[in-house]
Amino acid sequence: MSVECEKVGGINLSQGVCDVPAPEPVLLGAAEALKTGKNSYTRHDGVTELRRAIARKLSDFNGIQADPESEIVVASGSTGAFYCACLALLEPGDEVIIFEPYYGYHVQTLLAVGAVPRYVRMQPPDWEFKEADIEAAVTPRTRGILINTPANPCGKVFSEAELKYLASLAQRHDFWLFTDEIYEYITYDGLRHLSPAAIPGAAERTITISGLSKTFSITGWRIGYLACEQRAAEMIGYMSDLVYVCPPAPLQYGTARGIMELGSDYYDELREDLRAKRDAICTALDEGGMAPYKPAGAYYVLADISRLPGDSSKEKAMWLLEKSGVACVPGEAFFHEATDGKNLARFCYAKPNEALHEACSRLAGLKKILR
Ligand code: PLP
């Protein structure tokens, strides 16, 4: 959709790229590292400054205690962290439970290592899942479950009760909890992000994955990390070394500086800015005849596009691009059965105000055509 959008000079609300400026301390930290010659390979699991900064942040924000010397691996984005965790901990044929609608990279990464995704549906509007569906998905080959909270694409923020249930299930059947918490700072309406590893008894079987791409608007820097018990961290670090050697050295220093220097006001502003953007796009989608499922977190909204012409969500998304010049992601990208997601589209609203407001006015304007 990004390619199609570029062809028509449209407004791209498809890819999860935040086009807002990165915070000053992050940029200065990286610039200084470049100038002072921090351009070599780093320790495979990241520079000490960054591992320590992450350990402090994990303790303060997530309630997770991790030793920066042995239980944290800085990786090439959270994408690289998850891939290396799968390489290290899964065998071909191992099954991993995954919630649907899902983030495509999660499924493709599992498939790339020969693992088998087992899908469990979440139901709108609140994206709840049934415990019976999860229990039915557990087999003797289950080696893990993937929890993405706040979730892409639906914006679900998992509750404490849900996480406790999933942690106890993992304990009962002895499998890993892989988490993707990349949107951890982006929750709305007073909801708080909860890390699965902070659930009592869950830390030893949880691979907590996150990164700074979204929080600092540095998706191209490729700085992510994971935290887990020492033995798993050692094996995952080994894989990260083999595949990536290390994440970019100067960018690790910039990221460390950002974590250490930015205070709660930065994160509050980020949340508030995205909350206003969420409300603006939800209002516009509603007006335009595409009812939104208001997200509780992250920066995407799924909307019901059943009224748009077309036989598939792709055709509907192309129609939308042609008529309004706004690009979205067709819903079928988030389901394993091609016909599912047929009436859904995902819009990313982490865009500068001017572009987002123009997109909103175009989306709202569709009501004239769709009536
Ligand atoms: N995880 C989720 C759920 C995402 O939506 C994205 C990007 O859109 C990523 C991970 C990628 O993160 P990173 O840049 O740290 O690899």
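Residues numbered from 1 in each chain as written. Predicted model: local features only at pLDDT ≥ 70, side-chain atom pairs only at ≥ 80, totals over all residues. Heavy atoms only, no water.

## Overview of the overall build of the protein
To keep things clear, this is the line we draw: Helix and strand labels come from DSSP, where a helix needs a run of H or I of at least four residues and a strand needs a run of E of at least two; each type is numbered from the N terminus. Accessible area is worked out with a 1.4 Å probe on protein chains only. A residue is then buried under 20% of its type maximum, exposed over 50%, and partly exposed in between. Any two residues having at least one pair of non-hydrogen atoms within 4.5 Å are treated as being in contact. All accessible areas in this document rest on Shrake-Rupley with a 1.4 Å probe, and a residue is counted as covered only by the protein chains that are shown. Under the counting rule used here, the positive set is Lys and Arg, the negative set is Asp and Glu, and His together with the chain ends is not counted. Every charge is mapped to an atom, namely NZ of Lys, CZ of Arg, CG of Asp or CD of Glu.
Secondary structure assignment for the protein yields 13 helices and 13 strands. Over its C-alpha atoms, taken along the principal directions, the protein stretches across nearly 60 × 55 × 35 Å. A buried classification covers 56% of the 371 residues belonging to the protein. Of the contacts formed within the protein by residues at least 6 apart in sequence, a portion of 73% connects residues at least 24 apart. About 15400 Å² of surface is accessible on the protein, with carbon and sulfur atoms providing 51% of the total. Here the protein holds 38 positive side-chain charges and 49 negative ones, and the gap between their average locations is 3 Å.

## A few points about the sheet that holds strand β3 (residues 95–100)
The following threshold applies: One requirement defines pairing of two strands: DSSP has to find at least two bridges between them. Note on definitions: angles span 0 to 180 degrees between N-to-C directions of axes, and those axes are lines fitted to C-alpha atoms, for helices only across the stretch in contact.
The strand order across the open sheet formed by seven strands is β2-β8-β7-β6-β5-β3-β4, and the pairing between neighbours is mixed. Single-partner strands in this sheet number two, and they are β2 (72–76) and β4 (116–121). Taken pair by pair, the neighbouring strands of this sheet meet at an average axis angle of 25°, ignoring direction. Sheet topology places strand β7 (residues 206–211) next to strand β8 (residues 223–227); four bridges connect them, and they run antiparallel. Its bridge partner being in β8, Ser-210 is matched across the sheet by Tyr-225.

## Description of the packing of aromatic side chains
For clarity, the threshold we go by: Stacked, tilted and edge-to-face pairs are distinguished by plane angle, under 30 degrees for stacked and over 60 for edge-to-face with tilted covering the rest, among Phe, Tyr and Trp rings (Trp via its six-membered ring) whose centres lie within 6.5 Å. Two conditions define a charge located above a ring, namely a distance within 6 Å from the ring centre to NZ of Lys or CZ of Arg, and an angle within 35 degrees of the ring normal.
Scanning the model with the defined rule gives 15 aromatic pairs in all. Among the aromatic residues, ring-to-ring pairing joins Phe-61, Tyr-185, Phe-216, Tyr-266 and Tyr-267 into one connected group. Between Lys-38 and the ring centre of Tyr-253, over which it is positioned, the NZ or CZ distance is 5.0 Å. Across the ring face of Phe-158, the terminal group of Lys-156 is positioned such that the distance to the ring centre comes to 4.9 Å.

## As for the packing of helix α2 (residues 24–35) against helix α9 (residues 249–261)
Helix-helix packing: each pair is described by the crossing angle between the helix axes and the interaxial distance. Cut-off, in case you're wondering: The hand of a helix crossing depends on one turn: near helix anticlockwise from the far one by less than a right angle means left-handed, and clockwise means right-handed. Any residue outside Ala, Val, Leu, Ile, Met, Phe, Trp, Tyr, Cys, Pro, Asp, Glu, Lys and Arg is labelled polar, Gly included; the first ten of those are nonpolar and the last four are charged.
Following both chains from N to C, one finds α2 and α9 inclined at 145°, their axes separated by 7 Å at the closest point. As α2 packs across α9, the resulting crossing turns out to be right-handed. Packed against α2, whose contacting residues are Pro-25, Val-26, Leu-28, Gly-29, Ala-30, Glu-32, Ala-33 and Leu-34, the element α9 presents Pro-250, Leu-251, Tyr-253, Gly-254, Thr-255, Arg-257, Gly-258 and Glu-261 at the interface. Taken together, the residues that form the contact of α2 with α9 break down as nine nonpolar, four polar and three charged.

## A word on helix α4 (residues 77–89)
Stated formally: Expected helix span is computed as 1.5 Å times (number of residues minus one).
Taking 1.5 Å per residue as the helical rise, α4 with its 13 residues ought to reach 18 Å, and the 18 Å between its terminal C-alpha atoms agrees with that figure. The buried fraction of α4 is high, at ten of 13 residues.

## Considerations on the domain arrangement of the protein
Applied cut-off: Each domain's extent is set by a domain assignment, obtained either automatically or from a database. Once two parts are brought into contact, the accessible area they lose, counted with a 1.4 Å probe and summed over both, makes up the buried area. Definition used for salt bridges: Asp or Glu carboxyl oxygen within 4 Å of a side-chain nitrogen of Lys or Arg.
Here the domain parsing of the protein yields domain 1 (2–21 + 265–368) and domain 2 (24–261). Measuring from the centre of the C-alpha atoms in domain 1 to the corresponding centre in domain 2 gives 26 Å. For the pair domain 1 and domain 2, the two sides together bury roughly 2600 Å², of which 59% comes from carbon and sulfur. Scanning the region where domain 1 abuts domain 2 turns up two salt bridges.

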